Amino acid sequence: MSVSPQPAMPKSWRVETKPHKFCPGCGHGLVLKCLGEAIDELGIQDRVVFGCDIGCSLLSWDFFNCDSVQTHHGRTTPVMTGIKRANPDLITIAYMGDGGGYAIGIGGIVNAAARNEKVTVLLANNTVYAMTGGQMSPCTMPGQKVETAPYGRDPEATGMPTQGPEMLAAITGDGAYVARGTTSNLRQLKGYIKKALQNQMEGNGFSFVEALAGCPTNWRTNAEKTWAFIEKEMPQYYKVGEKKNPFEAKKEAQQNG
């Protein structure tokens, strides 16, 4: 029995994609997939300018079919803020890791948040400086063993890990959107990213999403242990959820008259 060939898929229906350049099991690819789907669902691809930091995040510079720029380490948020101020119609996205965001880049994030800049910042938290070999980052967990803390991070000596979303929720105005998601729940994470982009589109204010992500290469973990760390250990300290949601605040205000 002969089988008729399937008709070619119309070009307008084709989804163009490309493999990412990250290590096997890296969380960056999952975070970026959520971002790409959110951009497509909102229909804003022609307005997006994507900025990425130095570090593993720089491997995303040509991942999307949109305008993009790679910045100096820790300067992504100020660069995207400048682009947004120059052309407010654009949707600017700053993408970085926890080192670029909470160490050298913390000043840029804090000041943009305090000024309520209408940009979206997306930060992948994998608890290490991944590209340079797995050194301790601002988000390394208490007791976690890394290259520069072979016996585990000691909070007495190095302080506690940075709670980025909680800090930013405390210093931002009412129009800010702040959340922490995880690569172990992609539907939820994409929803947070989508709200962060919508908040910028509506001109409400600063938007920030942290994503808990894996780094099996530097954690030296197999698949089972990687997911156990992401799903069970990280959320014990890094609580997943929305920290500030202007959409809910508006809804409550309308309901209360």
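Details of the structure are given in the entry above.
Residues numbered from 1 in each chain as written. Predicted model: local features only at pLDDT ≥ 70, side-chain atom pairs only at ≥ 80, totals over all residues. Heavy atoms only, no water.

### Things to note about the pattern of salt bridges
All told, the structure shown has eleven salt bridges when counted by the stated rule. Overlapping salt bridges, with partners in common, bring together Glu37, Glu41, Lys190 and Lys194 in one network. (Salt bridge = Lys/Arg side-chain N within 4 Å of Asp/Glu carboxyl O.)

### Describing the sheet that holds strand S1 (residues 48–52)
One open sheet accounts for seven strands, arranged S2-S1-S3-S4-S8-S7-S9; its pairing is mixed. Because the sheet does not close on itself, it has two edges, and the strands there are strand S2 (67–70) and strand S9 (241–244). Each strand of the sheet is rotated relative to its neighbour by a mean of 15°, with strand direction disregarded. The strands touched by helix H1 (residues 28–42) within the sheet are S1, strand S3 (91–97), strand S4 (120–125) and strand S8 (207–212), with S3 carrying the most contacts at an inclination of about 170°. Relative to the sheet, helix H6 (residues 164–171) contacts strand S7 (177–182), S8 and S9, its axis offset from that of S7 by approximately 170°. (Pairing = 2+ DSSP bridges. Helix = DSSP H or I, 4+ residues; strand = E, 2+ residues; numbered from the N terminus. Axes fitted to C-alpha atoms, helices over the stretch in contact; angles between N-to-C directions. Contact = heavy atoms within 4.5 Å.)

### Points about the layout of surface pockets
Approximately 240 Å³ is the volume attributed to the second largest pocket. Taken together, 18 residues form the lining of the second largest pocket, with Ile54, Gly55, Cys56, Tyr129 and Ala130 sitting closest to its centre. Sorting the residues of the lining of the second largest pocket by element identifies helix H3 (98–102) and strand S5 (128–129) as the ones contributing at least two each. Looking at which element gives the most residues to the lining of the second largest pocket, the answer is H3, with three residues. Here the lining of the second largest pocket is composed, by residue class, of seven nonpolar, nine polar and two charged. (1 Å grid on protein atoms, 1.4 Å probe; cavity = no way out; pocket = protein on both sides within 12 Å on 5 of 7 lines; lining within 4 Å. Points joined across faces, edges and corners; volume = space filled by probe spheres on them. Nonpolar A, V, L, I, M, F, W, Y, C, P; charged D, E, K, R; others polar.)

### Things to note about the pairing of S7
Of all six residues that make up S7, six are buried, and the element is covered over most of its length. Every second residue of S7 is oriented toward a common face, with Tyr177, Ala179 and Gly181 on one face and Val178, Arg180 and Thr182 on the other, all of them buried. Summarising the sheet, S7 and S8 pair through six bridges and their orientation is parallel. If you follow Tyr177 over to S8, its bridge partner there is Ser207. (Buried < 20%, exposed > 50% of the residue type's maximum accessible area, 1.4 Å probe, protein only.)

### A closer look at helix H4 (residues 106–114)
Residues of H4 that are buried: Gly108, Ile109, Ala112 and Ala113. Looking straight down H4, one finds its buried side chains confined to an arc of 125°; they lie on one side. Its buried side turned inward, H4 meets helix H2 (76–86), S3, H3, S4, H6 and S8. Of the residues flanking the end of H4, it is Asn116, one or two places downstream, whose phi is positive at about 60°. (Arc of directions from axis to C-beta.)

### Describing the packing of aromatic side chains
All told, the structure shown has six aromatic pairs when counted by the stated rule. Geometrically, the ring pair formed by Phe50 and Phe64 is edge-to-face, given 5.3 Å between the ring centres and 70° between the ring planes. Taken together, the positions of Phe50 in strand S1 and Phe64 in the loop between S1 and S2 put the pair 14 residues apart, joining distant regions of the chain. Under the relative-accessibility criterion, Phe50 is labelled buried at 1%. On the numbers, 6.4 Å between centres and 40° between planes, the contact of Tyr102 with Phe208 is tilted. Taken together, the residues span a long stretch of sequence, with Tyr102 in helix H3 and Phe208 in strand S8 at a distance of 106 residues. Take Tyr102 and Phe208: they sit in the same class, and that class is buried. Each member of the aromatic cluster is reached from another via a ring pair, and the members are Phe50, Phe63, Phe64 and Tyr95. (Phe/Tyr/Trp six-rings, centres within 6.5 Å; stacked < 30°, edge-to-face > 60°.)

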